[in-house]
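Here is what each chain is made of, one letter per residue.
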Amino acid sequence: MAIRASVLRKTIILLLLVWLILLMILYLSSGKYRELGIEVLKTQLDKNLKTEIQIKREDIHFSIIKNFPNASVRLENILVKSVPGPDYSEFRFAGKDTLLFAEKADLVLDLWSLLTKKYVLKRINLEEGIINLLSDSRELVNYNVWKDSDPDDTLPDLVEYSIREIEFKNMNLNYLDTKIKLKCSGTIDKAEASGNFMDDDFRFHVRAVTSGNMVSYENRIIKHHKPLTSRFDIERAGDLYLLNDGVFETFGLPLELTLTYNIASTEYDIKCRIKSAA
């Protein structure tokens, strides 16, 4: 029995030593992967985005340890500019040239994909910043950032977008639509979105806690400063955008909401009721 215990103890120690050596090798090699990751990131952004992203080289940090067995890229003070096209003179507030700013942005990658030089992006975390979503009177938006695919492009994509989860913490959100005179704003204290984000027809689930919520429509203003808890599904199917199974809770009252928007006819269908009440 004592011999078995001794063998087991030695085996555990050996496995721990192998594990520590592996971690050390990964840590020491992370400098090479950091430089390679920066070049891949720059190349893919220039290839796929219509807008400008501003970030300093020293604000890009690569780690294999933090999210092991995944790798992660920490971006600090990242600024994503609004895309050209909309009439920005219609928006009367500072910062309308900014689509997104975040003090911290973590991109979580499949670690094993680094060995094949085919980076698989799995999750995005954004903290401490602001998101501005703008739509002008011609329905041109500042967040149409992705370029259309070029049939003549023969260069392979080095990043595979397999995003299944996006997390927000302490992000201020502004939405302005000058055509229908709608303005919404608030602070996303914490939110998680999971599902399929990348296909033309998508579906994902959202859980969020927001505060400082305000809605303004045709000079009517509704303000709600208490925390608002919500969960709902967002889906696109062809010309239809749908908000399904929406539940919003505040002051202890759960409100059920469903919404359908047809982008071809610009028609809305909204249904809401207080849950468990006449």
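Structure: above.
Everything numeric in this text was worked out from a predicted model, so none of it was measured.

Draft legend 1. Expanded view of the overall build of the chain. The number of helices and strands found in the chain is two helices and 13 strands. Contacts in the chain between residues at least 24 apart in sequence constitute 55% of all its contacts with a sequence separation of at least 6. Here the chain has roughly 17500 Å² of accessible surface; of this, 59% comes from carbon and sulfur atoms.

Draft legend 2. Up close: the side chain of Asn174. Structurally, Asn174 can be placed in strand S6 (residues 159-177). Only 3.0 Å separates the side chain of Asn174 from the side chain of Asn132, close enough to count as a polar contact. Excluding anything up to four places from it in sequence, Asn174 contacts Ile130, Ile131, Asn132, Leu133, Cys184 and Ser185.

Draft legend 3. Geometry of unusual backbone geometry. Despite not being glycine, Asn170 has its phi angle at roughly 50°, a positive value. If you check the backbone angles, Lys181 has positive phi at about 55° while not being a glycine. Following the sequence through the fold, Lys181 ends up in the loop between S6 and strand S7 (182-196).

Draft legend 4. Here's a closer look at the pattern of salt bridges. Tallied over the full model, the rule gives nine salt bridges. Two residues, Arg231 and Glu249, come together in a salt bridge whose shortest N-O distance is 3.6 Å. Residue Arg231 is found in strand S10 (residues 228-237), and its partner Glu249 is found in strand S11 (residues 240-250); the two are separated by 18 residues along the sequence. What makes Arg231 partly exposed here is its relative accessible area of 29%. Within the structure, one salt-bridge network assembled from shared partners comprises Arg203, Asp233 and Glu235.

Draft legend 5. Expanded view of the packing of aromatic side chains. One pass over the full model with this rule turns up three aromatic pairs. Ring centres of Tyr88 and Phe91 lie 6.2 Å apart, and the angle between their planes is 50°; on these two criteria the pair is classed as tilted. Classification of Phe91 by relative accessible area gives buried; the value is 1%. Here Tyr261 and Tyr268 contribute two aromatic rings whose centre-to-centre distance is 4.5 Å and whose plane-to-plane angle is 25°, an arrangement assigned as stacked.

Draft legend 6. Layout of the pairing of strand S3 (residues 70-81). Of all 12 residues in S3, 10 are buried, a share of seventy percent or more. Summarising the sheet, strand S1 (residues 53-54) and S3 pair through two bridges and their orientation is antiparallel. Across the sheet, Gln54 pairs through a bridge with Leu79, a residue of S3. Pairing of S3 with strand S4 (residues 98-110) involves 11 bridges; the strand directions are antiparallel. Paired with Ile78 across the bridge in S4 is Ala102.

Draft legend 7. Structural view of a nonpolar patch on the surface. On the surface, Leu253, Leu255 and Ile274 cluster together into a nonpolar patch covering about 240 Å² of accessible area. Along the polypeptide, Leu255 turns up in strand S12 (residues 253-262).

Draft legend 8. Focus on the nonpolar core. In this structure, Val73, Leu75, Leu100, Leu126, Phe168 and Met171 are the most contacted members of the largest nonpolar core, which totals 35 residues. Of the residues forming this core, the biggest block, six residues, is contributed by S4. Those residues within four positions of Met171 in sequence are excluded, and the remaining contacts are Phe101, Ala102, Leu126, Glu127, Glu128, Gly129, Ile130, Ile131, Gly186, Thr187 and Ile188.

Draft legend 9. Highlighting the environment of Asn244. Within the fold, Asn244 resides in strand S11. Residues within four places of Asn244 in sequence aside, it is in contact with Arg203, Phe232, Asp233 and Glu235. Within the structure, Asn244 has its side chain in polar contact with the side chain of Glu235 (distance 3.3 Å).

Draft legend 10. The arrangement of the side chain of Asp136 in detail. Position of Asp136 among the secondary structure elements: in the loop between strand S5 (119-135) and S6. Contacts of Asp136, omitting those with residues within four sequence positions, involve Pro86, Asp87, Glu90, Phe91, Asp177, Thr178 and Lys179.

Parameters and conventions
Per chain, residues are indexed from 1 in the order of the written sequence. In keeping with the model being predicted, local features are shown solely for residues with a pLDDT of at least 70 and side-chain atom pairs are shown and tallied solely at 80 or more, while totals for entire chains, interfaces and linings include all residues. Hydrogens and water are ignored here; the side-chain numbers use all heavy atoms of the structure. Strands here mean DSSP runs of E at least two residues long; helices mean DSSP runs of H or I at least four residues long; both are numbered from the N terminus. It only takes one pair of heavy atoms within 4.5 Å for two residues to be counted as in contact. Shrake-Rupley sampling with a 1.4 Å probe provides the accessible areas, and residues are treated as covered by the protein chains on show and by no other component. Counted as a polar contact is a pair of N or O atoms within 3.5 Å, where, for protein atoms, one must be capable of donating a hydrogen and the other of accepting one, and residues adjacent in sequence contribute only when both atoms are in side chains. Here a salt bridge means any side-chain nitrogen of Lys or Arg lying within 4 Å of a carboxyl oxygen belonging to Asp or Glu. Each residue's exposure class comes from its accessible area (1.4 Å probe, protein chains only) as a fraction of the maximum for that residue type: buried when under 20%, exposed when over 50%, partly exposed otherwise. Here is the rule: rings of Phe, Tyr and Trp (six-membered ring for Trp) pair when centre to centre is within 6.5 Å. Planes less than 30 degrees apart are stacked, more than 60 are edge-to-face, and the remainder are tilted. Only strands joined by at least two bridges in the DSSP assignment are considered to pair. For patch detection, residues must exceed 30% relative accessible area and be free of salt bridges, and they are connected within 9 Å for like charges or within 5 Å for nonpolar side chains (Val, Leu, Ile, Met, Phe, Trp, Tyr). As used in this record, nonpolar core signifies buried Ala, Val, Leu, Ile, Met, Phe, Trp, Tyr and Cys residues forming a set joined through side-chain atoms within 4.5 Å.

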